[in-house]
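Tertiary structure, described
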Amino acid sequence: MNKINELRDFMRSPFNLNDDSDDYELSDQEKKLPQPPLEKPYANDLNQIKLPEVTNDILQTSNVLDIINDRQSWRSYSEKTLSLPELSFLLWCSQGVKKVTANNYATLRTVPSGGARHPFETYLVVNNVDSLKKGIYRYLALSHSLILIKEGDFSHETASAALNQTFLCSSAVVFLWTCLPYRGEWRYLHAAHKVMLLDAGHVCQNLYLACGAINCGTCGIAAYDQASMDKLLDIDGSEEFTVYLAPVGKLK
């Protein structure tokens, strides 16, 4: 029961300390330490795949009430290929950057984030996307482009890391969101972690709604083996780790 109470405490608001509290601790932002980069650095020699511009032409359904009414989790997909403009639309809706504020302090995106910290990176396991080789990609939100991390068929490895949820193999692409916790900790310190998990929900819900607009389906997945999923993405599991994933495919 003590463990249950600890987890319930985690769910409660952590913003109750003030400067006069004995437990108050300055964040790195308050210490005027440099903020972490808005985007995880990448090797300059990697070829960037520029994604198509997002326009209204991609929409098959534009009535938001219909999209919300029809929203559900889909675990069965057709064998139809996802187009590159469709993938571009889904990435833009879930993590697209609308503006970089003065002095590169923050990004304003298509989803909300506490303090505009946006602590996530988006990876893709591409299984069936037009014009893209099978493999693991990373989305560069600042330039709305992709880089190929490693080429190959990783569908079964992804399903295995997701505790053998084999329906992932039939998806056109799997979205995997990782968290770089220091982006939030830099500003909010101990209060950052609940906020970052709430932000992950905002990201995935936007993906659900975007899928509904282009006749695709998705299913948010929080059950996975942490070490296996982090190893799949070649991330350290400490300064960056997987927090959420969602397969996407065309509806039958």
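Parameters and conventions
Residues numbered from 1 in each chain as written. Predicted model: local features only at pLDDT ≥ 70, side-chain atom pairs only at ≥ 80, totals over all residues. Heavy atoms only, no water. Helix = DSSP H or I, 4+ residues; strand = E, 2+ residues; numbered from the N terminus. Rg over C-alpha atoms; globule rule 2.2 N^0.38 Å. Buried < 20%, exposed > 50% of the residue type's maximum accessible area, 1.4 Å probe, protein only. Contact = heavy atoms within 4.5 Å. Areas by Shrake-Rupley, 256 points an atom, 1.4 Å probe, with all protein chains shown as cover. Core = buried A, V, L, I, M, F, W, Y, C linked by side-chain atoms within 4.5 Å. Expected span 1.5 Å × (residues − 1). Phe/Tyr/Trp six-rings, centres within 6.5 Å; stacked < 30°, edge-to-face > 60°. Lys NZ or Arg CZ within 6 Å of the ring centre and 35° of its normal.

Looking only at helices and strands, the protein features seven helices and nine strands. Relative to the 2.2 N^0.38 estimate, which gives 18 Å for 252 residues, the radius of gyration of the protein is 19 Å and therefore close to what a compact globule would have. In terms of overall dimensions, the protein has C-alpha extents of about 60 × 45 × 40 Å along its principal axes. Residues classed as buried in the protein amount to 44% of the 252 residues present. Partitioning the contacts of the protein with sequence separation of at least 6, the portion at a separation of at least 24 is 75%. Carbon and sulfur atoms make up 51% of the accessible area of the protein, which amounts to about 13100 Å² in all.

This brings us to the nonpolar core. By size, the foremost hydrophobic cluster in this structure holds 62 residues, and its most contacted members are Leu 87, Leu 90, Leu 124, Leu 146, Val 173, Phe 175 and Leu 245. For this core, the elements supplying multiple residues, two or more each, are α3 (84-95), β4 (120-126), β5 (135-140), α4 (155-161), β7 (173-179), α6 (192-213), α7 (226-232) and β9 (241-250). Top element by residues in this core is α6. It accounts for ten residues. Aside from chain neighbours lying at most four places away, what touches Leu 245 is Ala 162, Leu 168, Val 174, Phe 175, Leu 176, Trp 177, Cys 219, Gly 220, Ile 221, Tyr 224 and Met 229.

A few words now on α3. The end-to-end C-alpha distance of α3, which contains twelve residues, comes to 16 Å, matching closely the 16 Å that a straight helix rising 1.5 Å per residue would cover. For α3, the tally of buried residues reaches ten of twelve residues, placing the bulk of the element in the interior. When α3 is considered as a whole, its buried residues turn out to be Leu 84, Glu 86, Leu 87, Ser 88, Phe 89, Leu 90, Leu 91, Cys 93, Ser 94 and Gln 95.

Right, let's talk about the packing of aromatic side chains for a bit. For the coordinates displayed, the defined rule picks out four aromatic pairs. Here the aromatic rings of Trp 177 and Tyr 244 are separated by 5.8 Å at their centres, their planes lie at 55°, and the arrangement is tilted. Within this pair, whereas Trp 177 is found in strand β7, its partner Tyr 244 is found in strand β9, the two being separated by 67 residues in sequence. Across the pair, exposure class does not vary: Trp 177 and Tyr 244 are buried alike. These aromatic residues form a ring-pair network of at least three members: Phe 175, Trp 177 and Tyr 244. When the ring centre of Tyr 105 is taken as origin, the NZ or CZ atom of Arg 117, which lies over that ring, is 4.8 Å away.

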